[in-house]
Amino acid sequence: MQPAADVFRVPLSIVNAYLIGPPLAADRGWVLVDAGLSISRAAIVTAAAAAFGPRSRPAAIVLTHGHFDHVGSVEALAELWDAPVYAHPLELPYLTGRSDYPPPDPAVGGGAMALVSPLYSRRGIDLSSRVRALPDNGAVPHLPDWQWVHTPGHTPGHVSLFCAEDRTLVAGDAFVTTKQESLLAALLKPEVVHGPPAYFTTDWEAAGASVRTLASLRPEVAATGHGVPMRGRVLREQLDRLARDFDRRAVPVDGRYVRRPAVADVRGVRYVPPPVFPPAAVLLAVGAGAVVGALTASGD
């Protein structure tokens, strides 16, 4: 699916990657945005070959952030294509092996994806030989019509990409178009603007400011890390509503990072607040974890 003329979506079960470049672009004539799960390599390579030709390699890989479902195949793809990787300076600690992300919060979101979030990897990866900081001026390497926008909150160095010419927004997880905390919604992907995945969002005040920044761009198309692309008046109305009422529509009633945000800098995580576990959430998380563990064991 093409959300915009030069943007190709690669749906990868619960997450999306994007290819940006003209159809049948020459070798090094396009950019990959995010790299899905650890099992996503083949799907991304196949999609790239279909869009640009089997011998066409990206000029670069740009990461909106470094969570496991966005960088799972980045090492393999960077090696295969001999491509540099770009990310925000505040995201580099998690991409150079210097820091792990703060723990997820299973007490927020009210869905199975949130409840089993302690099972998701939060470990940093080491791309030291390939990763580079995005330019300070907001330029996106090899995409002259695009700019990157710092949209922290979900992670400290989260970025979104925007093309002013056709008002296409690649939003990462700054906001999404499904209720990612719900397993059913994550699979069925109902078309609705929603706040960032709650269980991994560690600074809600910053997340709200980021949504307001993106709403002010008046995007025509939003291609998000989770869910299907949305466009036009419906997109803008729902995004405006989320920006205006972010505290009510997106911020959980309580939670580890609702009470106090995690603190991070260019060295990585510096402070993590204590957990908040409502009794019901604990029981549900334990039960959900046991089910996932049993299913995993039965598949070995």
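Along each chain, residue indices are assigned from 1 in the same order as the chain's sequence is written. Restriction of local features to residues with pLDDT of at least 70 applies here, the model being predicted, together with a cutoff of 80 or more for giving and counting side-chain atom pairs; totals for whole chains, interfaces and linings are based on all residues. The basis for every side-chain value is the complete set of non-hydrogen atoms in the structure, without hydrogens or water.

For the chain, an unreviewed UniProt entry supplies the name MBL fold metallo-hydrolase and the organism Gemmata algarum.

Visitor: Which parts of the structure should I look at to understand the environment of Gly268?
Guide: Helix and strand labels come from DSSP, where a helix needs a run of H or I of at least four residues and a strand needs a run of E of at least two; each type is numbered from the N terminus. Structurally, the position occupied by Gly268 is in strand E14 (residues 268-271). Linking Gly268 and Asp100, residues 168 residues apart in sequence, is a C-alpha distance of 7.5 Å. Setting aside chain neighbours within four positions, we find Gly268 in contact with Pro93, Tyr94, Ser99 and Val263. Only heavy atoms enter the contact rule, under which two residues are in contact if any of them lie within 4.5 Å.

Visitor: Looking at this structure, I do not really get the sheet that holds strand E1 (residues 7-12). What am I missing?
Guide: The pairing of strands in a sheet happens through backbone hydrogen bonds and is either parallel or antiparallel. For two strands to be treated as a pair, DSSP must find at least two bridges joining them. Spatial ordering of the open sheet is given by E1-E2-E3-E4-E5-E6, a layout of 6 strands whose pairing is mixed. Looking at strand neighbours, the two that pair on one side only are E1 and strand E6 (131-133), the edges of this open sheet. This sheet shows a mean twist of 25° between the axes of neighbouring strands, independent of strand direction. Axis lines are fitted to C-alpha atoms, over the contacting stretch for helices. Their N-to-C directions set the angle, which ranges from 0 to 180 degrees. Sheet contacts for helix H1 (residues 41-52): E1, strand E2 (15-20) and strand E3 (31-33); angle to E1, the most-contacted strand, approximately 155°. The strands touched by helix H3 (residues 74-81) within the sheet are E3, strand E4 (60-62) and strand E5 (85-87), with E4 carrying the most contacts at an inclination of about 165°.

Visitor: What is the right way to look at the pattern of salt bridges in this model?
Guide: Close approach of charged atoms allows side chains with opposite charge to pair. The rule for a salt bridge is simple: a side-chain nitrogen of Lys or Arg has to be within 4 Å of a carboxyl oxygen of Asp or Glu. Evaluation of the coordinates by the stated rule reveals 12 salt bridges. A salt bridge links Glu79 to Arg130; its shortest N-O distance comes to 3.3 Å. One end of the pair, Glu79, is in helix H3; the other, Arg130, is in the loop between helix H4 (112-115) and E6, with 51 residues separating them in the sequence. A simple rule labels every residue: compare its accessible area, found with a 1.4 Å probe on the protein chains alone, to the largest value its type can have, and call it buried under 20%, exposed over 50%, or partly exposed in between. Judged by its relative accessible area of 19%, Arg130 is buried. The salt bridge partner of Asp82 is Arg130, with a shortest N-O separation of 3.1 Å. With a gap of 48 residues between them, Asp82 in the loop between H3 and E5 and Arg130 in the loop between H4 and E6 connect regions that are remote in the sequence. Members of the salt-bridge network, linked through shared partners, are Arg244, Asp245, Arg248 and Arg249.

Visitor: Hey, could you run me through the environment of Ile39 in this one?
Guide: The topology assignment puts Ile39 in the loop between E3 and H1. Counting along the chain gives 33 residues from Ile39 to Gly72, while the straight-line C-alpha distance between them is 7.3 Å.

Visitor: Sorry if this is basic, but what is going on with the pairing of E1 here?
Guide: Along any regular strand the residues' side chains alternate between the sheet's two faces. The buried count for E1 comes to 5 of 6 residues, which makes it a mostly enclosed element. Of the pairings in the sheet, the one linking E1 to E2 comprises 6 bridges and is antiparallel in character. Within the sheet, the bridge partner assigned to Arg9 lies in E2 and is Tyr18. In textbook terms, the turn of a hairpin is the stretch between consecutive antiparallel strands, and for E1 and E2 this stretch comprises 2 residues, one of which, Ser13, has a positive phi near 55°.

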